[in-house]
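Coordinate inspection notes
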4 protein chains.
Amino acid sequence: MALSEYRFRRRVQFYETDVAGIVHFSWFFRYMEEAEHALWREAGLSIHPPDSDIGWPRIATSFEFVRPLRFEDEFDVHLRVAEMTKKTIRYECTLTKNDEQIASGSMTIACVRKKPTMQGIEIPQEIADRIRAGR
Amino acid sequence: MALSEYRFRRRVQFYETDVAGIVHFSWFFRYMEEAEHALWREAGLSIHPPDSDIGWPRIATSFEFVRPLRFEDEFDVHLRVAEMTKKTIRYECTLTKNDEQIASGSMTIACVRKKPTMQGIEIPQEIADRIRAGR
Amino acid sequence: MALSEYRFRRRVQFYETDVAGIVHFSWFFRYMEEAEHALWREAGLSIHPPDSDIGWPRIATSFEFVRPLRFEDEFDVHLRVAEMTKKTIRYECTLTKNDEQIASGSMTIACVRKKPTMQGIEIPQEIADRIRAGR
Amino acid sequence: MALSEYRFRRRVQFYETDVAGIVHFSWFFRYMEEAEHALWREAGLSIHPPDSDIGWPRIATSFEFVRPLRFEDEFDVHLRVAEMTKKTIRYECTLTKNDEQIASGSMTIACVRKKPTMQGIEIPQEIADRIRAGR
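A brief structural summary. (Residues numbered from 1 in each chain as written. Chains lettered and ligands numbered in written order. Predicted model: local features only at pLDDT ≥ 70, side-chain atom pairs only at ≥ 80, totals over all residues. Heavy atoms only, no water.)

1. Re the interface of chain B and chain D
The line we're drawing: Contacts are assigned to residue pairs with any non-hydrogen atoms lying within 4.5 Å of each other. Here the quantity called buried area is the total loss of accessible area, with a 1.4 Å probe, experienced by two parts when brought into contact, counted for both. By salt bridge we mean one thing: a side-chain nitrogen of Lys or Arg within 4 Å of a carboxyl oxygen of Asp or Glu.
The partner chain D presents 16 residues to the 16 residues of chain B that form the contact. Between chain B and chain D lies a buried interface of about 1600 Å² when both sides are counted; carbon and sulfur atoms form 53% of it. In this assembly, chain B and chain D are joined by two salt bridges. E72 of chain D is the salt-bridge partner of R41 of chain B, the closest N and O atoms lying 2.9 Å from each other.

2. Some words on the pairing of strand 3 (residues 58–65) of chain B
Under the convention used in this document: Here, a strand pair is defined by DSSP locating no fewer than two bridges between the strands. Where helices and strands are cited, they refer to DSSP runs of H or I of at least four residues and of E of at least two residues respectively, numbered from the N terminus.
Relative to strand 3 of chain B, strand 3 (residues 58–65) of chain A runs antiparallel, the two sharing five bridges. Bridge pairing links A60 of chain A to E64 of chain B in strand 3 of chain B. Here strand 3 of chain B runs beside strand 6 (residues 100–110) of chain B; their pairing, made up of seven bridges, is antiparallel. Across the sheet, F65 of chain B pairs through a bridge with A103 of chain B, a residue of strand 6 of chain B.

3. Remarks on the interface of chain B and chain A
In plain terms, the rule: We call two N or O atoms a polar contact when they sit within 3.5 Å, provided that within protein one can donate a hydrogen and the other can accept it, with sequence-adjacent residues counted only if both atoms are side-chain atoms. Think of it as three bins: nonpolar holds Ala, Val, Leu, Ile, Met, Phe, Trp, Tyr, Cys and Pro, charged holds Asp, Glu, Lys and Arg, and polar takes everything else, Gly as well.
With 21 residues of chain B in contact, the opposing surface of chain A contributes 21 residues. For the pair chain B and chain A, the summed buried area comes to about 1800 Å², and 65% of that belongs to carbon and sulfur atoms. Taken as a group, F25, R30 and F65 of chain B account for 28% of the area that chain B buries against chain A, more than any other trio of residues on that side. Where chain B touches chain A, the interface holds zero salt bridges. At the boundary of chain B and chain A, one finds eight residue pairs in polar contact (both at pLDDT 80 or more). Elements that contribute at least two residues to the side of chain B that touches chain A include exactly helix 1 (26–42) and strand 3 of chain B. Looking at the side of chain B that touches chain A element by element, the count peaks at eight residues for strand 3 of chain B. Looking at the side of chain B that touches chain A residue by residue, the class counts come to eleven nonpolar, five polar and five charged.

4. Digging into the nonpolar core
Which entries qualify depends on this criterion: Take the buried Ala, Val, Leu, Ile, Met, Phe, Trp, Tyr and Cys residues and link them wherever side-chain atoms come within 4.5 Å; each set so joined is a nonpolar core. Throughout this description, buried means an accessible area under 20% of the type-specific maximum (1.4 Å probe, protein chains only), exposed means over 50%, and partly exposed covers the range between.
The biggest cluster of nonpolar side chains holds 166 residues, and the ones touching the most others in it are W40 of chain A, W40 of chain B, W40 of chain C together with W40 of chain D. Residue contacts for W40 of chain B: discarding those within four places in its chain leaves L45, S46, I47, W56, I89, Y91, I109, I127 and I131 of chain B.

5. Description of the sheet that holds strand 7 (residues 112–113) of chain D
In space, the three strands of this open sheet follow the order 2-7-8 (chain D), with antiparallel pairing throughout. Whereas interior strands pair on both sides, the edge strands pair on one side only; in this sheet they are strand 2 (54–55) and strand 8 (119–120) of chain D.

6. Some thoughts on the relation of the copies chain B and chain D
Stated precisely, the cut-off is as follows: Only residues with pLDDT of at least 70 in both copies contribute their C-alpha atoms to the least-squares superposition of the copies.
Placing chain B over chain D gives an RMSD of 0.0 Å and needs a rotation angle of 180 degrees, together with 0.0 Å of translation along the axis. Between the two chains, the operation in question is that of a two-fold axis. No C-alpha of chain B approaches the rotation axis more nearly than that of R10 of chain B, which lies at 6.0 Å.

7. Comments concerning the relation of the copies chain B and chain A
Least-squares fitting of chain B to chain A yields an RMSD of 0.0 Å, with the transformation described by 0.0 Å of translation along the axis and a rotation of 180 degrees. Interface overlap between copies is the fraction of interface residues in one copy that are interface residues in the other; for chain B against chain A it reaches 100%, indicating a shared surface.

Here it is in structure tokens:
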């Protein structure tokens, strides 16, 4: 059955913090991507198999920040496949700590053929069979 | 006179690329922030002076990606102060390479008093005197 | 009983790779530090408690690289406390994948009092009681 | 004439700092590599040209840290080609701020043929003609 969401718990690493004493905002996009790749693995896929002809460039992404994360905080990442079109996937992501909202984000990726030049293509059926938009 | 924009040229570093052969998307947010801090310096300010009582957490940010950047590419970052309210600043940012659009982003920051607990405050006058929204 | 080593398994994240298709070498130092902080937690300590008067700057570190790591590889990090002097701790670290050696590193940290100026001090007894050099 | 050293000045970025208020030690290796790649460019080369058959994996690297760097500090990086063998290059690197020593490092890289399997090869003559060990 196709997967439409993924959750994992993670701890803030020292190198993710900045001089303001909190996680640098650029890391939230990496946390969201970690969840994406884990969802694909859980679905039996890799988003970047060796020597693959297709790729998944990011088209747009955003985050809204509500509360900061600090060194050694444990937090939860919940990623949901919000929408799938013929050629794109849009995720929505929520970060929480002890059930308090930390941040929420979204990311849209497109399926492309890499060669001869990068060009948008339809998502292969074997991938659409394993990942689907949730309700 | 108050500053409302900043431009700089930068080169892609090796450690900013990923196995897809392009700059990892999380770096665009760092490029935008580099421009922000350079704008503040150009305006005679630091966004994080030692022992300051106030801070500037990021409230929301987004990017749309049009073309990739690759190792050693030179590109231009143009940051503009799009809006200033009593308590927030919103930037808009464009990345280009040889006048071709690479990506465009935005970022909203808020002025906060750090202690005793983090709380939104009005932007100090000496900062509002040096940074202003462009037209 | 004082701890002298720590092991954990970890997966290579996409943003840790570079255009050469392998993990960028700067990440190995972060993997080693992740193990260090996990060892401290396992020993009931934090290397950076909020508002602590002491700190642990890195004095020297090195790595030798034998085989590369690639996207989604799982690998093992083994950190050992190789030596403790009155004021410093030296770790040795080995990374392996399926029992094949990937890299080996070392790191020496010093205990410092942060204020009024940073200065080396003796390691507090409550820390020395919880972390010790292995044989 | 072959190049044997390179110097550049750089400013600490916000995202390079950590919660201890200083540049995270993993960044020093990236600063050293920035200098390496700039030296190669100055010598008319790229260390990673598109579609190249050869690569330059890092074999060993180390740093000793004397003084910390902080947000917005300007510092100087001096990289020197300390030794070239038939198949390897060893660099030495010094970081200073206002002529005070910050840190010193070294890095050894090897020339490899990438396919069919990664294997050490002799440094191509056109590269040896442009980069040489200093005295």
